[in-house]
Amino acid sequence: EEIPGGPVDRGHGRGGMENRVIWLRALSFVLAVQVTVVAVIPWLLRHVGPRDDLGTWRAVGLIPLVLGVALLIVCNVLFVRQGRGTAAPYDPPRALVIQGPYRYLRNPMYVSAHLIVVGLSLWLGAVTVLGYAVVLGVAYHVFVRYYEEPRLTAMFGEPYEEYLRTVPRWSPRRCQGVRRRVNR
């Protein structure tokens, strides 16, 4: 059964306007921030520094690139539909999202961004873009460890602490039953 304004509501109930606003805020963040980080900056860096002509091997970069884009889309959709919020730190989900890729690792959105940038570095043969991917990975780790995890612990309490104990931060693994244990 659909709950008006709830995460399953597709915009037809009383919360339809609120859902459209959340989608608009999410899209704004994706375009303004995520696209800048994973596409615009790498594109601007493509001719800075050394380049390596990988020939036909550059097509290998399409694998992490496509996987990263798909994962980024899935994560953003989950934040809106299940979390009723966005990926923006100033407009976070109101509910803890532990479905889909979040069952297997805590930060699939950051992993997806990293995959996209690594894929672009290979596709473009741009060593500087690969360096940017390394810096981005370190920045994500510091942000998650020292800002995001303490903030989410304060917001969601014990369910998030259980999630921290059962789901790895960066390296995915099969996590059976996480949903049942966290959503008591």
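Everything numeric in this text was worked out from a predicted model, so none of it was measured.

Colleague: Lay out the nonpolar core in plain terms, naming residues and giving numbers.
Modeller: Tyr102, Met109 and Val117 are the most contacted members of the largest nonpolar core, which has 33 residues in total. Secondary-structure elements contributing two or more residues to this core are helix H1 (16-45), helix H2 (62-81), helix H3 (108-124), helix H4 (127-156) and helix H5 (158-166). Among the elements that line this core, the one with the most residues is H4, at eight residues. Leaving out residues up to four positions away in the same chain, methionine 109 has contacts with Gln34, Leu72, Cys75, Asn76, Phe79, Ala87 and Tyr102.

Colleague: Got a sec to walk through the packing of H4 against H5? Specific residues and values, please.
Modeller: Between H4 and H5, whose axes approach to 6 Å, the crossing angle comes to 135°. Between H4 and H5, the angle is such that the two are oblique. Of the residues in H5, those in contact with Glu149, Leu152, Thr153 and Phe156 of H4 are Glu158, Pro159, Tyr160, Glu161 and Leu164. Among the residues forming the contact of H4 with H5, the class breakdown is five nonpolar, one polar and three charged.

Colleague: Quick one: what's the story with the confidence of the model for the protein chain, residue by residue and with numbers?
Modeller: For the protein chain, the mean per-residue pLDDT works out to 84, and 86% of the residues sit at or above 70. pLDDT under 50 marks residues 1-14. Its contacts with residues more than four places away, or in other chains, come to 22 contacts.

Colleague: Mind laying out the pattern of salt bridges, listing which residues take part and the relevant values?
Modeller: Applying the stated rule across the entire model yields six salt bridges. One salt bridge connects arginine 165 with glutamate 158, and the closest N-O pair in it is separated by 2.8 Å. Assessed through its relative accessible area of 52%, arginine 165 is described here as exposed. On the basis of relative accessible area, glutamate 158 is assigned to the partly exposed category, the value being 39%. Taken together, the shared-partner salt bridges in this structure form one network comprising Arg25, Asp91 and Arg94.

Colleague: Lay out H5 with the relevant residues and their values.
Modeller: Residue pairs spaced three or four apart in an α-helix point in one direction, given the helix's 3.6 residues per turn. Burial in H5 covers these residues: Tyr160, Glu162, Tyr163 and Thr166. Each buried residue of H5 sits inside an arc of 155° when the element is viewed along its axis, so together they form one side.

Colleague: Tell me about unusual backbone geometry, residues and numbers included.
Modeller: Leaving glycine out, the prevailing phi sign among residues is negative, and the prevailing peptide bond configuration is trans. Within the chain, arginine 84 stands out as a residue other than glycine whose phi angle is a positive 55°. For arginine 84, the location among the structural elements is in the loop between H2 and H3. On the basis of relative accessible area, arginine 84 is assigned to the partly exposed category, the value being 26%.

Colleague: Can you lay out the environment of arginine 20 for me, pointing to particular residues and giving the numbers?
Modeller: Note that arginine 20 resides in helix H1. Distance from arginine 20 to valine 80, taken between C-alpha atoms, is 9.9 Å for residues 60 residues apart in sequence.

What counts, and at which threshold
- Residues numbered from 1 in each chain as written.
- Predicted model: local features only at pLDDT ≥ 70, side-chain atom pairs only at ≥ 80, totals over all residues.
- Heavy atoms only, no water.
- Core = buried A, V, L, I, M, F, W, Y, C linked by side-chain atoms within 4.5 Å.
- Buried < 20%, exposed > 50% of the residue type's maximum accessible area, 1.4 Å probe, protein only.
- Helix = DSSP H or I, 4+ residues; strand = E, 2+ residues; numbered from the N terminus.
- Contact = heavy atoms within 4.5 Å.
- Axes fitted to C-alpha atoms, helices over the stretch in contact; angles between N-to-C directions.
- Parallel < 35°, antiparallel > 145°, perpendicular 65-115°, else oblique.
- Nonpolar A, V, L, I, M, F, W, Y, C, P; charged D, E, K, R; others polar.
- pLDDT = per-residue confidence, 0-100.
- Salt bridge = Lys/Arg side-chain N within 4 Å of Asp/Glu carboxyl O.
- Arc of directions from axis to C-beta.

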